[in-house]
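The residues making up each chain are set out below.
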Amino acid sequence: MEQREHWGSHMGFIFAAAGSAVGLGNIWKFPYITGENGGGAFVIVYLLCILITGLPVMLAEFTIGRRSQRNPVGAFRAIKPKSKFIIGGYLGVLAGFVILSFYSVVGGWTLGYTIKAITTGFAGLGTVEKTSLVYKNFVGDPRNAIFYHMLFMFINIFIVYQGVKKGIEKWTKILMPMIFIILLVLIIKALSMEGAMDGVRFYLTPDFSKLTGNSILIALGHAFFSLSLGMGAMITYGSYLSKKENLFKSALSVSMIDTGIALFAGLAIFPAVFAMGFAPDSGPGLVFHILPAMFSKMTFGFFWGFLFFLLLAIAAITSGISLLEVVTSYFIDELKFSRRAATVIFGVAIFLLGIPSALSFGALADFKLWNLTFFQIADNLGSNYLLPLGGLLISIFVGWVWGTKHAVDEIRHGSHNFADVHLISLMAGLKDDPSHNSDVHVLTLASLWGIFLRFISPVAITIAFLFTIGAIKL
Ligand code: PHE
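Trainee: Any details on helix H16 (residues 374-412)? Residues and values, ideally.
Mentor: The terminal C-alpha atoms of H16 lie 45 Å apart, and with 39 residues this falls more than 12% below the ideal 57 Å at 1.5 Å per residue. At Trp 402, H16 is deflected by roughly 95°, the largest bend along its length.

Okay, here's the thing in structure tokens:
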């Protein structure tokens, strides 16, 4: 069999996986849901969600991926040949199609706004009334919507087409440092403006009265989306890993980068919004309504606006390619497509599938099923149904079907450091060789990772899922 392509370096893998995680979810969504749900109080809850469900499930995905060296469907099959859990793999590939089809529409808008910022500087658009209108016209114009959606998909196809090392790894190694630098520059700028501290206070002062049961579930659902979990993106990226890699540390690094960037994104936005005298919008309009109005009034606003939307576009691209790679790797591994054919054919298919979503803000705005536009259906189906369901299957599969003990065997490769192996063994409830450590109390400690994967994550995901679909209310 042909040797599977592997990442060229440890950093290459971390950048690619963090690139998948860091996306519109971090920069567009996290700041406004934090602002809406009690600032610092929400941040604490979010961090807990990452710890108790995000990290264990990410480790599970990396482990399945590396063990099987396959796309999500092949991975389930390789590990437990006749298991029905393979459905989790198929749902993942489907999620890749569905999520990328609408993600690309918003990704396209960010490209359009990057160009708008540099060419017009949002000149004369100093009020939110004006920018809302511009936004409405922009996303409502079918030519714009389709053109930028196409451009976004084209960039994704262009990168994935070149392969794992020469495409995804090479590009994320360029793009991720750009994200860090641009974000840093924007934060310094925002914090140095007069009145910035009001924004910091708004963003981070814990207000526990705004933190409701619903906020907790929003945090949980968002943790999943933000870490790219539940659809096998991390299985696929994990499948290009060699046995040398330390999986636990990798999962920890990726989760930390993702959470860090989300937190910092708010620090680039709110201080500037307050300093310029705008009210923080409590919804998704923050980025496309308030910020352009704000840039319009700032000195060198075209430059800051350009940087901000470029940041958003880059973050969206590094996530988009991971979605496309899931689909591509499935067709390469299972149906023997060449990478080039798979990328182009299914990239174009996703573009076509996304057209009704792209038109959902104009021509097809009134075309609704279950009272939802195409865009909303794709978003709902992908983010609220497929991801939680996939995450549930993955954690049950590793926790119960494959078994954490076997999974830990896989994790042990690459954890040369004894302390690591020991920690992971403990987490999985394995008894370490007593000759290494005589502390029987520690060794008999119940398995942490095992407990999380078998009980805590599935229960938490199920509750969050029932909540998002409206079956329960907190
Ligand atoms: N994590 C990405 C974001 O925050 C979205 C994503 C979800 C990417 C699932 C891949 C898989 O924007």
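Trainee: Outline the layout of surface pockets, supporting the account with residue identities and numerical values.
Mentor: Taken as a whole, the largest pocket spans an internal volume of roughly 1,100 Å³. Residue assignment for the lining of the largest pocket shows that the elements contributing at least two residues are helix H2 (24-36), helix H5 (86-120), helix H10 (213-226), helix H13 (285-297), H16 and helix H19 (448-468). Residue contributions to the lining of the largest pocket peak at 8 residues, all from H16.

Trainee: How would you sum up the site of the ligand? Please name residues and give values.
Mentor: As a matter of local geometry, the ligand sits amid 14 residues, with Ala 21, Gly 25, Tyr 103, Phe 225 and Ser 228 nearest to it. A distance of 2.9 Å is found between a nitrogen atom of the ligand and a backbone nitrogen or oxygen belonging to Phe 225. In this structure, Ser 228 approaches the ligand through a side-chain N or O atom, which is 3.0 Å from a nitrogen atom. Protein burial of the ligand: of its 330 Å² of free accessible surface, 100% is covered by the chains. The pocket occupied by the ligand, as judged from atoms lying within 2 Å of grid points, is the largest cavity.

Trainee: Quick rundown of the packing of aromatic side chains? Include the residues and the values.
Mentor: Tallied over the entire structure, the rule returns 46 aromatic pairs. Judged by centre distance (5.6 Å) and plane angle (90°), the rings of Trp 109 and Tyr 135 are edge-to-face. Placement of the pair is Trp 109 in helix H5 and Tyr 135 in helix H6 (residues 128-140), with a sequence separation of 26 residues. The residues Trp 109 and Tyr 135 share a single accessibility class, namely buried. One residue, Arg 454, lies across the ring of Trp 400, its end atom 5.7 Å from the ring centre.

Trainee: Give a description of the packing of helix H3 (residues 40-68) against H19 that names residues and reports values.
Mentor: Here H3 crosses H19 at 115°, and the two axes come no closer than 9 Å. Both H3 and H19 take part in a crossing whose hand is left-handed. When H3 is examined against H19, the residues Ile 52, Thr 53, Pro 56, Val 57, Leu 59, Ala 60 and Thr 63 are found in contact with a partner set consisting of Trp 449, Phe 452, Leu 453, Ile 456, Ser 457 and Ala 460. Here the contact of H3 with H19 is built from residues that sort into 10 nonpolar, 3 polar and no charged.

Trainee: Summarise empty space enclosed by the protein; cite the residues concerned and give the values.
Mentor: Here the structure, examined in full by the defined rule, presents 2 cavities of 30 Å³ or more. Empty space within the largest cavity amounts to approximately 150 Å³. Lining the largest cavity are 17 residues, and of these Ser 20, Tyr 103, Phe 225, Ser 228 and Leu 323 sit closest to its centre. Considering each element in turn, the lining of the largest cavity owes the most residues, 3 residues, to helix H14 (residues 301-335). Here the lining of the largest cavity is built from residues that sort into 9 nonpolar, 8 polar and no charged. Within this model, the second largest cavity holds a volume of roughly 100 Å³. Along the walls of the second largest cavity sit 13 residues, with Leu 186, Ala 268, Ala 272, Met 294 and Phe 295 positioned nearest its centre. Elements with a minimum of two residues in the lining of the second largest cavity: helix H8 (164-191), helix H12 (247-275), H13 and H14. Of the residues contributing to the lining of the second largest cavity, the split by class is 12 nonpolar, no polar and 1 charged.

Trainee: Please give an account of the packing of H3 against helix H4 (residues 72-79) that cites residues and values.
Mentor: Contact geometry for H3 and H4: axes closest at 9 Å, N-to-C directions at 75°. The orientation of H3 with respect to H4, classified from their angle, is roughly perpendicular. Seen from H3, the contacting residues are Ile 64, Arg 67 and Ser 68; seen from H4, they are Ala 75, Ala 78 and Ile 79. Partitioning the contact of H3 with H4 into residue classes produces 4 nonpolar, 1 polar and 1 charged.

Trainee: With reference to specific residues and values, describe the environment of Met 298.
Mentor: Locating Met 298 in the fold gives a position in the loop between H13 and H14. Each C-alpha atom, one on Met 298 and one on Phe 465, is 42 Å from the other, the two residues being 167 residues apart in sequence. Beyond its immediate chain neighbours, meaning those up to four positions away, Met 298 contacts Lys 189, Met 193, Met 276 and Trp 304.

Trainee: Tell me about the pattern of salt bridges, and please be specific about residues and values.
Mentor: Where side chains of opposite charge bring their charged atoms close, a pairing between them can arise. Counting across every chain of the model gives 9 salt bridges. In this structure, the salt-bridge partner of Arg 66 is Glu 410, at a minimum N-O distance of 2.8 Å. Of the two residues, Arg 66 is situated in helix H3 and Glu 410 in helix H16; the sequence distance between them amounts to 344 residues. Under the relative-accessibility criterion, Arg 66 is labelled buried at 0%. Between Arg 339 and Glu 325 there is a salt bridge whose closest N-O contact spans 2.9 Å. In this pair, Arg 339 is assigned in helix H15 (residues 339-358) and Glu 325 in helix H14, connecting sequence segments 14 residues apart. Accessibility assignment for this pair places Arg 339 and Glu 325 in one class, buried.

Quick notes on the rules
- Residues numbered from 1 in each chain as written.
- Predicted model: local features only at pLDDT ≥ 70, side-chain atom pairs only at ≥ 80, totals over all residues.
- Heavy atoms only, no water.
- Helix = DSSP H or I, 4+ residues; strand = E, 2+ residues; numbered from the N terminus.
- Expected span 1.5 Å × (residues − 1).
- Bend = angle between axes of the 7 residues up to and from the residue.
- 1 Å grid on protein atoms, 1.4 Å probe; cavity = no way out; pocket = protein on both sides within 12 Å on 5 of 7 lines; lining within 4 Å.
- Points joined across faces, edges and corners; volume = space filled by probe spheres on them.
- Near = heavy atom within 4 Å.
- Polar contact = N/O pair within 3.5 Å; in protein donor to acceptor, adjacent residues only side chain to side chain.
- Areas by Shrake-Rupley, 256 points an atom, 1.4 Å probe, with all protein chains shown as cover.
- Sits in = over half its atoms within 2 Å of the grid points.
- Phe/Tyr/Trp six-rings, centres within 6.5 Å; stacked < 30°, edge-to-face > 60°.
- Buried < 20%, exposed > 50% of the residue type's maximum accessible area, 1.4 Å probe, protein only.
- Lys NZ or Arg CZ within 6 Å of the ring centre and 35° of its normal.
- Axes fitted to C-alpha atoms, helices over the stretch in contact; angles between N-to-C directions.
- Left-handed = near helix turned anticlockwise from the far one by under 90°.
- Contact = heavy atoms within 4.5 Å.
- Nonpolar A, V, L, I, M, F, W, Y, C, P; charged D, E, K, R; others polar.
- Parallel < 35°, antiparallel > 145°, perpendicular 65-115°, else oblique.
- Salt bridge = Lys/Arg side-chain N within 4 Å of Asp/Glu carboxyl O.

Everything listed is a geometric property; what it means functionally is a separate question.
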